[in-house]
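Tertiary structure, described
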Amino acid sequence: MLLRTKYQPTQGNILKHFKSVSLFSTTTSTQSGNFQVFNRDIKLKQRERAALDDESKYVEYIRDEVARRTIERLAFVKKDFPNFLDFGSHSGNFERLLCENKEGEDPKWTEDKNLVKGRIGKICMVDSSKNMLFKNDQLPFNKELDIERVVADEEAYNHAVLTKPENFDCVVSNLSLHWINDLPNTFKNIFNSLKPNGVFMGSMFGGDTLFELRTSLQLAEMERYGGLAPRVSPFVGSSDVGSLMQKAGFQMLTVDVEEIVVGYPSLIALLRDLQLMGEGNSILSTPPAMTKDLLLAAEPIYRAMHGDPNDGSLPATFRFVFMIGWRPGQDFPQPLKRGSGKMSLKDALDKNGHITGTTTLTEDK
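Let us now look at helix H12 (residues 292-306). The end-to-end C-alpha distance of H12, which contains 15 residues, comes to 21 Å, matching closely the 21 Å that a straight helix rising 1.5 Å per residue would cover. Among the residues of H12, Leu 294, Leu 295, Ala 297, Ala 298, Glu 299, Ile 301, Tyr 302 and His 306 are the ones counted as buried. As for H12, its buried residues are in contact with helix H9 (211-225), helix H11 (267-276) and strand S8 (314-326).

Our focus in this paragraph is the confidence of the model for the chain. When pLDDT is low, close inspection of the predicted coordinates is not appropriate. In the predicted model, the chain carries a mean pLDDT of 84, and the fraction of residues at 70 or more is 79%. Low pLDDT, under 50, characterises residues 5-33; the stretch is placed with 101 contacts to residues that sit more than four places away or in other chains. Residue range residues 358-365 is modelled with pLDDT below 50. Its contacts to residues more than four positions away, or to other chains, number 17 contacts.

Attention shifts here to the pattern of salt bridges. This structure, assessed with the given rule, holds 28 salt bridges. Taking the shortest distance from any N to any O, the salt bridge between Glu 258 and Arg 73 comes out at 2.8 Å. Here Glu 258, found in strand S7 (residues 251-264), pairs with Arg 73, found in helix H2 (residues 61-74); they are 185 residues apart in sequence, far enough to count as distant. Residue classification places Glu 258 among the partly exposed residues on the basis of a relative accessible area of 25%. Taking the relative accessible area as the measure of exposure, Arg 73 reaches 17% and is therefore buried. For Lys 113, the salt bridge goes to Glu 105, with nearest N and O atoms at 3.0 Å. Ionic contacts of the salt-bridge type, sharing partners, join the residues Glu 65, Arg 68, Arg 69, Glu 72, Arg 73, Asp 256 and Glu 258 into one network.

Rules of the game
Residues numbered from 1 in each chain as written. Predicted model: local features only at pLDDT ≥ 70, side-chain atom pairs only at ≥ 80, totals over all residues. Heavy atoms only, no water. Helix = DSSP H or I, 4+ residues; strand = E, 2+ residues; numbered from the N terminus. Expected span 1.5 Å × (residues − 1). Buried < 20%, exposed > 50% of the residue type's maximum accessible area, 1.4 Å probe, protein only. Contact = heavy atoms within 4.5 Å. pLDDT = per-residue confidence, 0-100. Salt bridge = Lys/Arg side-chain N within 4 Å of Asp/Glu carboxyl O.

Written out as structure tokens, the structure reads:
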């Protein structure tokens, strides 16, 4: 479990910042249309404001960790990416980690990031928040990489760089898609932006993310007000992501779920970090204000139900849906035809269920 210790705000100086909370919401609709869940204008203002806050530099730990895992996955892709798109790039976590060198780091991590860095040509960073996008434009990694920054709305997808078909060899998107209303159409747009044999690698919050916070707020609100408000909305499931990507045209799909558990000194510290990330409420049906009374009731509930008895921290679980999909091209690998195997699964496994010998699959001619 990661333990947040760098920034510990006091309850007194932070309560004034909160009006309502509905964190990491996303629609699970599998049909493209006009179904709206989020107010994109409010979300943009939240992210712009968060990027200008000096304390926001302390809350990059989640995005950094997800960017690191994306780089490790890209190291397994044996191809070059002359034209690379970082879709919903935030302040450039992916790019910074590619160039950042720390004393005593894992040699395998050093090898992976240097390998990926050597395969990438021009990087186009796209984000709807100008303040977020240019937040770190003076850091050293900007001189090591060929970077173009483009301010464009991720859901509208109407900038000239994005509307050009078959433009990118690789598209990555880390922790940005969960605020998009029309996810099916966005997947289709990304697919159209890829060159044949291009790869899309993304991540978004999903599953039971922040279930500790959700249950604590629900119980506190029932106790104080006798009802519930949508403080933490449902998240997309891995099966939904796979279905949407398949409908968009992606092939050779890989979808998996991972999680990070972060320990916070208090409920206020958790909420403040989420606010500094720009992940506050932006749903159209805004819930009632987050009152001091509600927070005071939720803190002991959170601690009693989920608190760590060893260090006294409050754990918060962040679950991520990682996705990989390919746009097929001329030499795109095809699955073997059904029935082309020359050995049955029963013969290939020993009594303990382990593979024995060599199993050969050949394609019928």
